Amino acid sequence: MKIATIVGARPQFIKAAPVSRAIRAAAAGRNISEILVHTGQHYDDNMSAVFFEELGIAAPDYDLGIGSAPHGVQTGAMLAAIERILERERPDEVLVYGDTNSTLAGALAAAKLSIPIAHVEAGLRSYDRRMPEEINRVVTDHLASLLFCPSPAAASNLRKEGIREGVYVVGDVMVEALTEAVIQAKKRETTRGSEFGLARLGLEDGGYFLATVHRAENTDDPARLQNILAALKTISRDRPVVFPVHPRTRKMIAAERPAGIRFIDPVGHLEMARLESGAAMILTDSGGMQKEAYWLKVPCVTLRDRTEWVETVAAGWNVLAGADRTQIVRAVRNFKRPRKSAPLYGGGSKTRTTAASRIVKTLLGTCQSTHK
Ligand code: UD1
Ligand code: UDP
């Protein structure tokens, strides 16, 4: 039995790491294999190679090197290249993650060749079709035959769209990735001293805010970006703001870099885990970082009008502030730490079974019964 995993963007390397590890552990001595396809959507060393190195992900079997381009051109180039690989490799299952153009291309290529698709992080919805990610999620979910949901709410979203078969609520694979990153980051802090983490940046636990912005709705709208930067500048009077800059955002803020905000290059997942756990608060439009903030019990202000991770908001640990300067500053200064925090997406639960192990068990069970 052969599984083809398609990845291409930073969060997908992080999500695929624990699942790929679990697949390869289950494969030992059995007729199971995984081929890893990297579309090349992200390609800078600090957006790609660092994650393979740090997270011990096997080198891709196919590195497509597609790179950046407008949506149609990028997705089309991926589709054509993935199709060629799937025709050659004829896997029994194609495994895709999240909601990027790499996810969509992998799912479309597989669907056209009638290869079953498994989607990790299925059922997430922002109900905002202006987001390219929402289109990618909806299409992928409607093509997939195995849908791995991080939460019951995600499964319920699928039911509303008539998808009932093959839906499994397994929790979120990023919990495992984060737990491991925190452990590894602690080790690095001891061995690398001033070259890593808070020491490298001259920061102290609780002494700074951590910010990231990369969503097209923020970076490509000058008014929204200016408002966010103005809010960060205001709160930098309370504590310094550390801002690892995504390459999409780098281009947009090249002209104006407000004083008080410390812009740094993107960091690896280990250093990010350390920066997150030490932050007084996280301000972000990242999907993954909203969850990581919750699991680390760091308050989060989300720089978007909606979120798919609604449970973190309902739990009181995440405040939606959009790109409104006043709302962002108010959310930071008035944040009240909730006293309790329920286990969400599998994080903090007592069971040792991880989302990755549930996914692999289901995947292998289903593949074996379908493909002998
Ligand atoms: C993509 C995903 C988004 C996800 C994000 C994770 C889509 C539609 N969007 O957005 O859902 O949250 O990844 O980080 O798939 N660039 C570089 N070097 C790189 C990669 C990108 O310079 O290694 C620059 C290029 O100028 C490129 C721009 O960043 O045009 C945007 O990259 P792209 O992959 O198209 O979208 P992201 O904003 O990264
Ligand atoms: N991340 C990282 N280094 C950075 C910024 C983010 O390792 O400089 C990690 C972050 O901890 C999370 C993931 O990347 O695990 C989130 O990816 P991103 O914000 O790019 O995409 P999204 O989750 O919004 O799709």
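Thresholds, definitions, all that
- Residues numbered from 1 in each chain as written.
- Chains lettered and ligands numbered in written order.
- Predicted model: local features only at pLDDT ≥ 70, side-chain atom pairs only at ≥ 80, totals over all residues.
- Heavy atoms only, no water.
- Near = heavy atom within 4 Å.
- Polar contact = N/O pair within 3.5 Å; in protein donor to acceptor, adjacent residues only side chain to side chain.
- Areas by Shrake-Rupley, 256 points an atom, 1.4 Å probe, with all protein chains shown as cover.
- Helix = DSSP H or I, 4+ residues; strand = E, 2+ residues; numbered from the N terminus.
- Pairing = 2+ DSSP bridges.
- Contact = heavy atoms within 4.5 Å.
- Axes fitted to C-alpha atoms, helices over the stretch in contact; angles between N-to-C directions.
- Left-handed = near helix turned anticlockwise from the far one by under 90°.
- Nonpolar A, V, L, I, M, F, W, Y, C, P; charged D, E, K, R; others polar.
- Phe/Tyr/Trp six-rings, centres within 6.5 Å; stacked < 30°, edge-to-face > 60°.
- Lys NZ or Arg CZ within 6 Å of the ring centre and 35° of its normal.
- Buried < 20%, exposed > 50% of the residue type's maximum accessible area, 1.4 Å probe, protein only.
- Expected span 1.5 Å × (residues − 1).
- Bend = angle between axes of the 7 residues up to and from the residue.
- Salt bridge = Lys/Arg side-chain N within 4 Å of Asp/Glu carboxyl O.
- Core = buried A, V, L, I, M, F, W, Y, C linked by side-chain atoms within 4.5 Å.

### Considering the site of ligand 2
Consideration 1: Close to ligand 2 lie 19 residues, the nearest being Arg215, Val267, Ser286, Gly288 and Glu292.
Consideration 2: Glycine 287 is positioned with one of its backbone polar atoms (N or O) 2.8 Å from an oxygen atom of ligand 2.
Consideration 3: When ligand 2 is considered free in solution it has 530 Å² of accessible area, and contact with the protein chains removes 96% of it.
Consideration 4: Breaking the shell around ligand 2 down by element, the ones donating at least two residues are α1 (10-27), α12 (269-278) and α13 (287-296).
Consideration 5: Of all the elements, α13 adds the most residues to the shell around ligand 2, at four residues.

### Some thoughts on the sheet that holds strand β3 (residues 62-63)
Consideration 1: Here we have seven strands laid out as an open sheet, ordered β3-β2-β1-β4-β5-β6-β7, and parallel in their pairing. Among the strands making up the open sheet, the edge pair consists of β3 and β7 (167-169).
Consideration 2: With four bridges connecting them, strand β1 (residues 2-7) and strand β4 (residues 93-97) associate as parallel partners. Bridged to threonine 5 within β4 is leucine 95.
Consideration 3: Helix-sheet contacts for α1 involve β1, β2 (33-38) and β4, and the interaxial angle to β4 is about 145°.

### Let's talk about the packing of helix α7 (residues 173-192) against α13
Consideration 1: Where α7 meets α13, the closest approach of the two axes is 10 Å, and the angle between their N-to-C directions is 60°. The element α7 and its partner α13 pack so that their crossing is right-handed. In this structure, α7 uses Met174, Val175, Leu178 and Val182 to contact α13, whose residues at the interface are Gly288, Lys291, Glu292, Trp295 and Leu296.
Consideration 2: Looking at side-chain class alone, the contact of α7 with α13 contains six nonpolar, one polar and two charged residues.

### Quick notes on the site of ligand 1
Consideration 1: With respect to spatial proximity, 20 residues lie near ligand 1, and among them His42, Tyr43, Glu133, His214 and Arg248 are the closest.
Consideration 2: In the environment of ligand 1, an oxygen atom lies 3.1 Å from a nitrogen or oxygen atom belonging to the side chain of histidine 246.
Consideration 3: Residue arginine 248 places a side-chain N or O atom 2.6 Å away from an oxygen atom belonging to ligand 1.
Consideration 4: When isolated, ligand 1 has an accessible area of 750 Å², and the protein chains bury 90% of it.
Consideration 5: Looking at the shell around ligand 1, the elements that each hand over two or more residues are α3 (71-89) and α11 (247-252).
Consideration 6: No other element matches the four residues that α11 contributes to the shell around ligand 1.
Consideration 7: A class-by-class count of the residues in the shell around ligand 1 yields four nonpolar, nine polar and seven charged.

### Quick word on the packing of aromatic side chains
Consideration 1: Tallied over the entire structure, the rule returns six aromatic pairs.
Consideration 2: One aromatic cluster in this structure is built from Phe13, Phe51 and Phe52.
Consideration 3: For arginine 257, the ring lying beneath its charged end belongs to phenylalanine 263, and the centroid distance is 5.0 Å.
Consideration 4: One cation-aromatic arrangement involves lysine 297 over tyrosine 294; the distance from NZ or CZ to the ring centre is 3.8 Å.

### A short note on the pairing of β4
Consideration 1: Of all five residues that make up β4, five are buried, and the element is covered over most of its length.
Consideration 2: Here β4 shows two buried faces, one formed by Glu93, Leu95 and Tyr97 and the other by Val94 and Val96.
Consideration 3: Pairing of β4 with strand β5 (residues 117-120), which is carried by four bridges, proceeds in the parallel orientation. By the bridge assignment, valine 96 is partnered in β5 with histidine 119.

### Focus on α1
The α-helix advances 3.6 residues per turn, and as a result positions three or four apart in sequence lie on the same side.
Consideration 1: Helix length check: α1 (18 residues) gives 25 Å between terminal C-alpha atoms against 26 Å at 1.5 Å per residue, within 8%.
Consideration 2: The largest bend along α1 reaches roughly 35° and is located at alanine 16, with the proline proline 18 sitting one to four residues downstream.
Consideration 3: Turning to α1, its buried residues are Gln12, Phe13, Ile14, Lys15, Ala16, Ala17, Pro18, Val19, Ser20, Ala22, Ile23 and Ala27.
Consideration 4: After α1 finishes, the residue glycine 29 shows a positive phi value of roughly 75°.

### Comments concerning the pattern of salt bridges
Opposite charge on two side chains allows them to pair when their charged atoms are near.
Consideration 1: Summed over the entire model, instances satisfying the criterion amount to 22 salt bridges.
Consideration 2: Ionic pairing is found between arginine 304 and glutamate 217, a salt bridge with its closest N-O pair at 3.8 Å. Of this pair, arginine 304 sits in the loop between β12 (300-302) and α14 (310-314) while glutamate 217 sits in helix α9 (residues 216-219), placing them 87 residues apart in sequence.
Consideration 3: Taking relative accessible area as the criterion, glutamate 217 reaches 25% and is therefore assigned partly exposed.

### Things to note about the nonpolar core
A general feature of soluble globular proteins is that nonpolar side chains tend to end up buried together.
Consideration 1: The biggest cluster of nonpolar side chains holds 74 residues, and the ones touching the most others in it are Val19, Leu86, Val94 and Leu95.
Consideration 2: Per-element accounting of this core gives the leading share, eight residues, to α1.
Consideration 3: Dropping the residues within four chain positions of it, leucine 86 is found in contact with Ala4, Pro91, Val94, Ala109, Ala110, Leu113 and Ile115.
Consideration 4: Counting residues in each nonpolar core, the second largest holds 27 residues, with Ile235, Ala280, Val329 and Phe335 among its members.

In short, geometric facts, not functional conclusions.
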